[in-house]
2 protein chains.
Amino acid sequence: MRIVVLAGGIGGARFLRGLKAAAPDADITVIGNTGDDIHLFGLKVCPDLDTVMYTLGGGINEEQGWGRTDETFQVKDELKAYGVGPDWFGLGDRDFATHIVRTQMLGAGYPLSAVTEALCERWQPGVRLLPMTDDRVETHVAVDLDGERRAVHFQEYWVRLRASVDALAVVPVGAEQSKPAPGVLEALAEADVVLFPPSNPVVSIGTILAVPGIREAIAEAGVPVVGLSPIVGGAPVRGMADKMLSAIGVETAAAAVAEHYGSGLLDGWLVDSADIGAVAEVEAAGIRCRAVPLMMTDLDATAAMAREALALAEEVRA
Amino acid sequence: MRIVVLAGGIGGARFLRGLKAAAPDADITVIGNTGDDIHLFGLKVCPDLDTVMYTLGGGINEEQGWGRTDETFQVKDELKAYGVGPDWFGLGDRDFATHIVRTQMLGAGYPLSAVTEALCERWQPGVRLLPMTDDRVETHVAVDLDGERRAVHFQEYWVRLRASVDALAVVPVGAEQSKPAPGVLEALAEADVVLFPPSNPVVSIGTILAVPGIREAIAEAGVPVVGLSPIVGGAPVRGMADKMLSAIGVETAAAAVAEHYGSGLLDGWLVDSADIGAVAEVEAAGIRCRAVPLMMTDLDATAAMAREALALAEEVRA
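About the thresholds
Residues numbered from 1 in each chain as written. Chains lettered and ligands numbered in written order. Predicted model: local features only at pLDDT ≥ 70, side-chain atom pairs only at ≥ 80, totals over all residues. Heavy atoms only, no water. Pairing = 2+ DSSP bridges. Helix = DSSP H or I, 4+ residues; strand = E, 2+ residues; numbered from the N terminus. Axes fitted to C-alpha atoms, helices over the stretch in contact; angles between N-to-C directions. Buried < 20%, exposed > 50% of the residue type's maximum accessible area, 1.4 Å probe, protein only. Least-squares fit on C-alpha atoms with pLDDT ≥ 70 in both. Contact = heavy atoms within 4.5 Å. Buried area = accessible area lost by both parts, 1.4 Å probe. Salt bridge = Lys/Arg side-chain N within 4 Å of Asp/Glu carboxyl O. Polar contact = N/O pair within 3.5 Å; in protein donor to acceptor, adjacent residues only side chain to side chain. Nonpolar A, V, L, I, M, F, W, Y, C, P; charged D, E, K, R; others polar. Parallel < 35°, antiparallel > 145°, perpendicular 65-115°, else oblique. Left-handed = near helix turned anticlockwise from the far one by under 90°. UniProt positions renumbered as here; feature names shortened; annotations may be inferred.

1. Overview of the sheet that holds strand S7 (residues 148–153) of chain B
All names here are of chain B.
Logical step 1: Read across the sheet, 3 strands follow the order S7-S6-S8 without closing on themselves; strand pairing throughout is antiparallel. The open sheet terminates on both sides in strands that have one partner only, identified here as S7 and strand S8 (169–173). The sheet shows a mean angle of 30° between the axes of neighbouring strands, direction not considered.
Logical step 2: In terms of strand pairing, strand S6 (residues 138–145) meets S8 through 5 bridges, oriented antiparallel. Looking at S8, one finds that Val141 is bridged to Val170.

Printed below as a string of structure tokens:
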């Protein structure tokens, strides 16, 4: 079975670990969000791709969900001593090596997709990890800071400002001019199932869908497209999806997210057992829906979620 | 008193520490060799400038004479895990930060001289540190490897091959097209004394002199030019000056190095007490010479050497 998964960072990576356990023989292609990518200290940092790579490759800091395990911060301390910023993005020494290798390869002319493949040769994530695009797309968030409207990089909004102010708009800068990375459309065309993990529907999956051609390829694949709600009981399980949904005028509710994707894209939707009341609303919107436990508390629970998603896909197919 | 010092790495840096102790009120400008510079992992590494900066700024690894104190090697280990080379150049995590800052600034368009000044704002070396040039000059060494003549980067010759094969030629690639960095000619024109520390006469001081205009500016400054022999008892105190001297057809002897510089450039020369027999030969070549202890065993011994050099300069001037 060929499964294509659109993934953001932590939520997507953890779901993928469950999916691999649930479908060990499946051929899994991950289309990773690169809208969070940022240049720091002249180095290209791809937080979501790295989170997927480190998580599936056994190098992730399990507690925080991003960055490397057994990490040290000598480089960061030195950069601070040089007075070179920003200091709000916590890059560790091990993590720096990844960005150094990536930046060197990009500088040598390799596209991000080739670089990602090369990095994955070490990590062996057990999935094919593709960036959504080789082009530069950067998610910017419009905010009101001290009475002035400003656009900040998504990482600045999320990491520096800790999503403490309202997001007025979310713009994936460069998305309109971007093309899907090599392999993305092919993977979708050959997929048996497409899954949306409980990733942020705006700045993770929404950004991937903003790359011209990807949404269409999913819709035209003619295979079940099943998503898992990142909203449980009216709040995001983690992260700031509520702020992002508000910015695009969507209610922070499991049903509202499904309707935002729409029945033209989504065939099936899993909501958490706590949101069983949302099932009827989602189904009324033409999307098959089930309520199951959606908390990725451990690998077993996550694998069970993946099995439910695959079962719903089979139900849709039948 | 305005002193200009042409410096390589370890020998130059240690001598400068002694000079600062010997002449605490002097205004010292250091013209640093950049022929050893190398691009590693996409980062610009300037070993000699950094050795001077770290040594005078209190950040040097005293035992090895280069690199940072309290160093760790997480980034290096990770690069190795990625299979990315070379692995023979031992960059530590703290050191990496310097190269990251430098590379970012160069990428932003700053010349190396401005970058060096910015880095020195942190280190406060107590001297004005100038690269010999802002242009790219790279010292290559011709060697015979397995019967084939090859040109290797100086760092590859010295660090990877450990100078274990003969150097057939030494070429400062790019030197002919290079220009002295801003401030270099001005410092020489305003100098009261010019000193050549016991640095490598070929790949350190020789490379600096290969930048068109620098040798002429020293000769035309009309002030005492005094050097200290890096050769003691027919062998280099440290490093591979013997191999480099052979490559350019100069005997590994204190007198031969003075004669190589020549009386047109050099006014005074200090040889070690062990080489007292060389004094007459050097003086016969028109260069005033004295035999004094030249082992930089500690700060006091090094300061005494600097005082001898300044005393010889005054003798020349009188």
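2. A few points about unusual backbone geometry
Backbone phi values are negative for most residues with the exception of glycine, while trans is the configuration of most peptide bonds.
Logical step 1: The step from Gly85 of chain A to Pro86 of chain A runs through a cis peptide bond, and the omega angle for that step is 0°.
Logical step 2: In this structure, Pro86 of chain A sits in the loop between helix H3 (74–81) and helix H4 (93–107).
Logical step 3: In this structure, Arg162 of chain B takes a positive phi of about 50° despite not being glycine.
Logical step 4: As for its position among the elements, Arg162 of chain B is in the loop between helix H6 (154–160) and S8.
Logical step 5: Look at Ala163 of chain B: it is not a glycine, yet its phi comes out positive at around 55°.
Logical step 6: Relative to the elements of secondary structure, Ala163 of chain B occurs in the loop between H6 and S8.
Logical step 7: Residue class for Ala163 of chain B comes out buried when judged on its relative accessible area of 8%.

3. Examining the relation of the copies chain A and chain B
Logical step 1: Once chain A has been moved 0.0 Å along the axis and rotated by 180°, it coincides with chain B to within an RMSD of 0.0 Å. Both copies of the chain, as the preceding transformation shows, are related through a two-fold rotation axis. No C-alpha of chain A lies nearer the rotation axis than that of Asp93 of chain A, which sits 3.4 Å from it.
Logical step 2: Most of the interface of chain A is mirrored in chain B, where 100% of its interface residues are also at the interface.

4. A few points about the interface of chain A and chain B
Logical step 1: Each partner contributes to the interface: chain A provides 27 residues, whereas chain B provides 27 residues.
Logical step 2: Both faces combined, the contact of chain A with chain B buries some 2,300 Å², and carbon together with sulfur accounts for 61% of it.
Logical step 3: Looking at the side of chain A facing chain B, the largest losses of area belong to Gln74, Glu78 and Tyr82 of chain A, adding up to 30% of the total buried there.
Logical step 4: Linking chain A to chain B there are 6 salt bridges.
Logical step 5: Residue Glu78 of chain A pairs with Arg122 of chain B through a salt bridge whose shortest N-O separation is 2.7 Å.
Logical step 6: Linking chain A to chain B there are 16 residue pairs in polar contact (both at pLDDT 80 or more).
Logical step 7: Among the secondary structure elements, those contributing two or more residues to the side of chain A that touches chain B are helix H2 (47–57), H3, H4 and helix H5 (112–123) of chain A.
Logical step 8: For the side of chain A that touches chain B, the element with the most residues is H4 of chain A, which contributes 8 residues.
Logical step 9: Looking at the side of chain A that touches chain B residue by residue, the class counts come to 15 nonpolar, 5 polar and 7 charged.

5. A look at the packing of H2 of chain A against H5 of chain A
For any two helices packed against each other, the geometry is given by the interaxial angle and the distance between the axes.
Residues and elements named next belong to chain A.
Logical step 1: Running from amino to carboxyl end, H2 crosses H5 at an angle of 20°, the nearest separation of the two axes being 10 Å. Classed by the angle they form, the pair H2 and H5 counts as roughly parallel. Note on packing geometry: the crossing formed by H2 with H5 is right-handed. Note on element contacts: H5 touches H2 through Leu112, Thr116, Leu119, Cys120 and Trp123, opposite Leu49, Met53, Tyr54 and Gly57.

6. Some remarks on the UniProt feature "binding site: 7,8-didemethyl-8-hydroxy-5-deazariboflavin" (unreviewed entry) in chain A
All names here are of chain A.
Logical step 1: UniProt annotation of "binding site: 7,8-didemethyl-8-hydroxy-5-deazariboflavin" (unreviewed entry) refers to Asp50 when read in the numbering used here.
Logical step 2: Here Asp50 lies in helix H2.
Logical step 3: Excluding residues within four positions of it along the chain, Asp50 makes contact with Thr55, Asp95, Thr98, His99 and Arg102.

7. Regarding the pairing of strand S7 (residues 148–153) of chain A
All names here are of chain A.
Logical step 1: Where strand S6 (residues 138–145) and S7 come together, 6 bridges link them in antiparallel fashion. Paired with Val143 across the bridge in S7 is Arg150.
Logical step 2: Taken together, S6 and the strand that follows it, S7, pair antiparallel across an intervening segment of 2 residues, in which Asp146 is found at a positive phi of about 50°.

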